[in-house]
Amino acid sequence: MRSRTRTGAGVVSALAGVAALAGVVTAGTAQAATGCAVTYTTNDWPGGFTATITIQNLGDAINGWTLGFAFPDSGQKVDTGWSATYSQSGQNVTAKNVDYNAAIATGGSLSIGFNGSWSGSNPKPASFTLNGVTCTGSTTTSSPTPTATPTRSPSPSPTATRSPSPSPSPTATRSPSPSPSPTATRSPSPSPSPTTTPSSGALYVSPIGRDGAAGTQSDPTTLTAAITRATPGGTIYLRGGTYNLAQTVTIAPGNNGTSSARKTLSAYPGETPVLNFSAQSESSSNRGLAVNGSYWHVYGIVVERAGDNGIYVGGSNNIIERTVTRFNRDTGLQLGRIASDTPRDQWPSNNLILSAESHDNADSDGEDADGFAAKLTTGTGNVFRYAVSHNNIDDGWDLYTKTDTGAIDPVTIEDSLSYNNGTLTNGSQAGNGDRNGYKLGGDKISVNHIIRRNIAYHNGHHGFTYNSNPGTMSISDNVSIDNTERNFSFDAGTSVFRGNTSCRSGSGSNDKIVGNADSSNQFWSGSNGSRCSSYTGALGWSYASDGHLVVTFGGRPVTP
């Protein structure tokens, strides 16, 4: 999602050629607007908020305008029951409407900074109107972090620094009744929005764009139309806001970029598009975004509440970066073949999942919705890097294989984090989920995965498990802490273990290691090794500006 922006005063033009605001004036020159979209970021907690509001005029050009706002969840206007002050350009505004005499061209945008406070208890962020027209596409980010997660140099690999005994954390139960899980401090989600200037000739998409529109900033089109019109090397920019969708958005097979000229589907700079599929019923045919083409770069979008997977990758050589998949009714982001008759040499290969987050995905039977999955039918060269999976109803990662389809090719998971899987953020659990941090196999089929520099923390079953994969996996420099059963569970196979660390704050099951393990590992067999003192205190995580994952314990960053 976006990085939080705090603004006190100051109004800036978001697009070149748009007139600067001239201050607060009367509304005498305001004209009707035929449409508007608002994207805003806000922190709401008792006593006040800060907000950055970007208004895009999707109707005719207007010379003066009125911004109205209300708190719809409470049913009260700002000027009828709340004591509110909004500071804009150094001036206080206490009425429910804010009036400007600046022009907004057709398709133009302006960004406005507000500080608000009130005498009330935690009201929700406002809705907005432009000249009396309700603005569509409003997006709210509302998860304040009272204490900032410390940052570190871009070397996020969560491998051990050394010494004894993590601080206690609650132990999850395997029953359907919710049990508390430790709170992880995190950034409000990955900050996906690109900061580069939009490229000339790009296609622009808006929540209220039209299929037949030109796809320019002033005449945006729809996402489905833009996908069919994108050319190799071209970019589709999604303006911020909520896109309410009922059908799967598909990048079709054959709709490809090239190795030197990818097609890009990206958030517009500074904005967060949310693809919301709440209208779908739970069904295996109701995915959110299906990336079945090859050589695409998907960047900075949120996909939520699909009837099946949030993002499904059936193509090859794609980069899926800074995405958030949440509240979907199957695995958040999954790789797999496009159709049941797709030949093995066309299974998805060489895809990179980078700096992505997946959380609170849950199906109705509570046993299939993982954070990330590359399972059943995936080809060679697929990599997950700097990814975070948490609070999913089943596993954090699932690399399951079955006899019907045979072995998948090796998958690499590196520099990633999996925590609290098996328990949703709201405390809900289901009795059927496997609840592992990293599940690495199935049906006794050998696959030589590479699992390195990852953290498994407080998952509801095992931290890292072979799950009957008897292959020669490379399991190196991973850390596993206070998972409910084993931190490392490898009952068979010839896997090679180097530099791994297992820690507990109390008693627990001993790790089971079958394979090639030497003294560089510190596994749990009743006591902590010297490296465990690095993993005491609350878990925290964030993304550095370059996308590296930063993990902390007790506010201290862990380093390789």
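Everything quoted here is computed from the prediction, not taken from an experiment. (Residues numbered from 1 in each chain as written. Predicted model: local features only at pLDDT ≥ 70, side-chain atom pairs only at ≥ 80, totals over all residues. Heavy atoms only, no water.)

Any details on the overall build of the chain? Residues and values, ideally.
Helix and strand counts for the chain come out as one helix and 47 strands. Sorting the 560 residues of the chain into buried and exposed places 57% on the buried side. With the model as given, the accessible surface of the chain reaches about 19700 Å², and the carbon-plus-sulfur share is 48%. (Helix = DSSP H or I, 4+ residues; strand = E, 2+ residues; numbered from the N terminus. Buried < 20%, exposed > 50% of the residue type's maximum accessible area, 1.4 Å probe, protein only. Areas by Shrake-Rupley, 256 points an atom, 1.4 Å probe, with all protein chains shown as cover.)

Any chance you could break down the environment of Ile408 for me, citing the residues and the numbers?
As for its placement among the helices and strands, Ile408 is situated in the loop between strand E31 (397-398) and strand E32 (411-414). Once the C-alpha coordinates of Ile408 and Thr378 are considered, the two residues, 30 residues apart in sequence, prove to be 5.3 Å apart. Apart from residues no more than four positions distant in its own chain, Ile408 is found in contact with Arg344, Ala374, Lys375, Leu376, Thr377, Thr378, Leu399, Thr401, Val447 and His449. (Contact = heavy atoms within 4.5 Å.)

I'd like a description of the environment of Phe464, backed by residues and values.
Tracing the backbone through its elements, the reader meets Phe464 in strand E37 (residues 464-465). Measuring from C-alpha to C-alpha, the distance between Phe464 and Asn478 comes to 9.1 Å, with 14 residues separating the pair along the chain.

Which residues make up the sheet that holds strand E15 (residues 241-244), and what values go with them?
If you trace the ten strands from one edge of the open sheet to the other, you get E15-E18-E21-E24-E27-E30-E33-E36-E39-E42, paired in parallel fashion. Of all the strands in the sheet, the pair left with one neighbour each is E15 and strand E42 (501-503). Put simply, the sheet's adjacent strands are angled 10° from each other on average, direction ignored. Both E15 and strand E18 (residues 273-276) contribute to a ladder of four bridges, which runs parallel. Across the sheet, Thr242 pairs through a bridge with Val274, a residue of E18. (Pairing = 2+ DSSP bridges. Axes fitted to C-alpha atoms, helices over the stretch in contact; angles between N-to-C directions.)

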